[in-house]
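# Close look at the chain arrangement
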Amino acid sequence: MISIVVADDQGMVRAGFRSLLEDVPDLRVVGEASDGEQAMEAVRRLRPDVTLMDIRMPVLDGIAATRRLVGEGTPSRILVLTTFDLDEYVFEALRAGASGFLLKDAPAEELVAAIRVVASGDALLAPGVTRRVIDAFVRLPAPRPASSDPLLSALTPREREVLALLGRGLSNAGIASQLFVSDATAKTHVSNVLGKLGLRDRVHAVIYAYEHGVVVAGDPTIDGPPSRG
């Protein structure tokens, strides 16, 4: 059973999500919130597997609430829902630590699938959104030298290669092809990289790779739908 908190400032939207999700056997809405501060309180108290977080809310917006919860080490995976498909929101939500980004008008089956994906510990991001996130980093000032983070020294040379490929947006299959290894071996390397660097998922590995100079500005390659492993 996947427990869920729904945070949205519109009561009808919260009721709609609850009604939709109550019909799914493995999903259970355990709490609601109408602003960012209520969302934080509900997540701290109920410790849901997944939090559906609206961006535009009073008192404290969803991005700020996400940033604070992730900073506290919340185990809840945060799936950001919004009616605004704008780069600034995608970028900031991911920087804050969200594990997924979905429009509110997405089909019901897509929402259910998204909840299951992030609850399993994976990130949910379409290739086009990954491209936009990477492009946003390319436009940033020069990153810190790759040697500036001591955690990088814990990676083996092969794991550094894997991190660079993650930074280019490659899926597990793409990494396997580049390194001439099996998909299972690539998946193991990805898991090791995430674990050693303390990253929540592969999308945050993209952010880390750019911020720490592991990948430099250029023409990143997105090789198809992202792996969910």
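Quick caveat, the model's predicted, so the values are computed rather than measured.

### What to know about the overall build of the protein
If you tally the helices and strands in the protein, you get 10 helices and 5 strands. Sorting the 229 residues of the protein into buried and exposed places 49% on the buried side. Working note: accessible area of the protein is about 10400 Å², and carbon and sulfur atoms make up 53% of it.

### Looking at the environment of Asp 8
With respect to the helices and strands, Asp 8 occurs in the loop between strand 1 (2-7) and helix 1 (11-22). For Asp 8 and Arg 56, which are 48 residues apart along the polypeptide, the C-alpha to C-alpha distance reads 8.1 Å. Filtering out sequence-adjacent residues up to four positions away, Asp 8 remains in contact with Val 13, Arg 14, Ala 33, Ser 34, Asp 54, Met 57 and Lys 104. From its side chain, Asp 8 meets the backbone nitrogen of Gln 10 in a polar contact 2.9 Å long.

### A short note on the sheet that holds strand 3 (residues 50-54)
Spatially, the 5 strands line up as an open sheet ordered 2-1-3-4-5, and their pairing is parallel. Lying at the two open borders of the sheet, with one neighbouring strand each, are strand 2 (27-33) and strand 5 (100-103). With direction set aside, neighbouring strand axes in the sheet form an average angle of 25°. Strand direction decides the pairing type here: strand 1 and strand 3, joined by 4 bridges, are parallel. The residue bridging Ile 4 from the neighbouring strand is Val 50, located in strand 3. Most of the contacts of helix 5 (residues 108-119) go to strand 4 (residues 77-82), to which it runs at about 155°, and overall it touches strand 1, strand 2, strand 3, strand 4 and strand 5.

### Some words on the confidence of the model for the protein
Averaged over all residues, the pLDDT of the protein is 82; the fraction at 70 or higher stands at 81%. Low pLDDT, under 50, characterises residues 219-229; the stretch is placed with 35 contacts to residues that sit more than four places away or in other chains.

### Some details on the pattern of salt bridges
Tallied over the full model, the rule gives 10 salt bridges. With its nearest N and O atoms 2.6 Å apart, the salt bridge here joins Lys 104 to Asp 8. Residue Lys 104 is located in the loop between strand 5 and helix 5, and its partner Asp 8 is located in the loop between strand 1 and helix 1; the two are separated by 96 residues in the primary sequence. As a salt-bridge pair, Glu 159 and Lys 196 come within 2.8 Å of each other at their nearest N and O atoms. Note that Glu 159 is positioned in helix 7 (residues 157-167) and Lys 196 in helix 9 (residues 183-197), a separation of 37 residues in sequence. One continuous salt-bridge network, built from bridges that share partners, spans Arg 14, Arg 18, Glu 22 and Glu 32.

### Section: the nonpolar core
Membership of the largest hydrophobic core comes to 25 residues, with the highest contact counts inside it found for Ala 7, Met 53, Ile 55, Leu 69, Val 80 and Phe 101. Among the elements that take part in this core, helix 4 (residues 87-96) stands out by supplying 5 residues, more than any other. Residues within four places of Val 80 in sequence aside, it is in contact with Met 53, Ile 55, Ala 93, Ala 98, Gly 100, Phe 101 and Leu 102. In this structure, Leu 152, Leu 166, Val 190 and Leu 199 belong to the second largest nonpolar core, which totals 23 residues.

### A look at the packing of helix 7 against helix 9
In the contact formed by helix 7 and helix 9, the axes pass within 9 Å of each other and the chain directions differ by 90°. Here helix 9 runs roughly perpendicular to helix 7, going by the angle between their axes. Contact with helix 7, carried on its side by Arg 158, Glu 159, Val 162, Leu 163 and Leu 166, involves His 189, Val 190, Asn 192, Val 193, Lys 196 and Leu 197 of helix 9 and no other residues of that element. Residue composition of the contact of helix 7 with helix 9, grouped by class: 6 nonpolar, 2 polar and 3 charged.

### Section: helix 9
Helix length check: helix 9 (15 residues) gives 21 Å between terminal C-alpha atoms against 21 Å at 1.5 Å per residue, within 8%. For helix 9, the set of buried residues is Ala 186, His 189, Val 190, Val 193, Leu 194 and Leu 197. For helix 9, the angular spread of buried residues about the axis comes to 130°, placing them on one side. Set apart from the buried face of helix 9 by more than 90 degrees, the exposed residues are Ala 184 and Gly 195. Its buried side turned inward, helix 9 meets helix 7, helix 8 (172-179) and helix 10 (202-211). One or two positions beyond helix 9, positive phi appears at Gly 198, with a value near 65°.

Conventions used here
Residues numbered from 1 in each chain as written. Predicted model: local features only at pLDDT ≥ 70, side-chain atom pairs only at ≥ 80, totals over all residues. Heavy atoms only, no water. Helix = DSSP H or I, 4+ residues; strand = E, 2+ residues; numbered from the N terminus. Buried < 20%, exposed > 50% of the residue type's maximum accessible area, 1.4 Å probe, protein only. Areas by Shrake-Rupley, 256 points an atom, 1.4 Å probe, with all protein chains shown as cover. Contact = heavy atoms within 4.5 Å. Polar contact = N/O pair within 3.5 Å; in protein donor to acceptor, adjacent residues only side chain to side chain. Pairing = 2+ DSSP bridges. Axes fitted to C-alpha atoms, helices over the stretch in contact; angles between N-to-C directions. pLDDT = per-residue confidence, 0-100. Salt bridge = Lys/Arg side-chain N within 4 Å of Asp/Glu carboxyl O. Core = buried A, V, L, I, M, F, W, Y, C linked by side-chain atoms within 4.5 Å. Parallel < 35°, antiparallel > 145°, perpendicular 65-115°, else oblique. Nonpolar A, V, L, I, M, F, W, Y, C, P; charged D, E, K, R; others polar. Expected span 1.5 Å × (residues − 1). Arc of directions from axis to C-beta.

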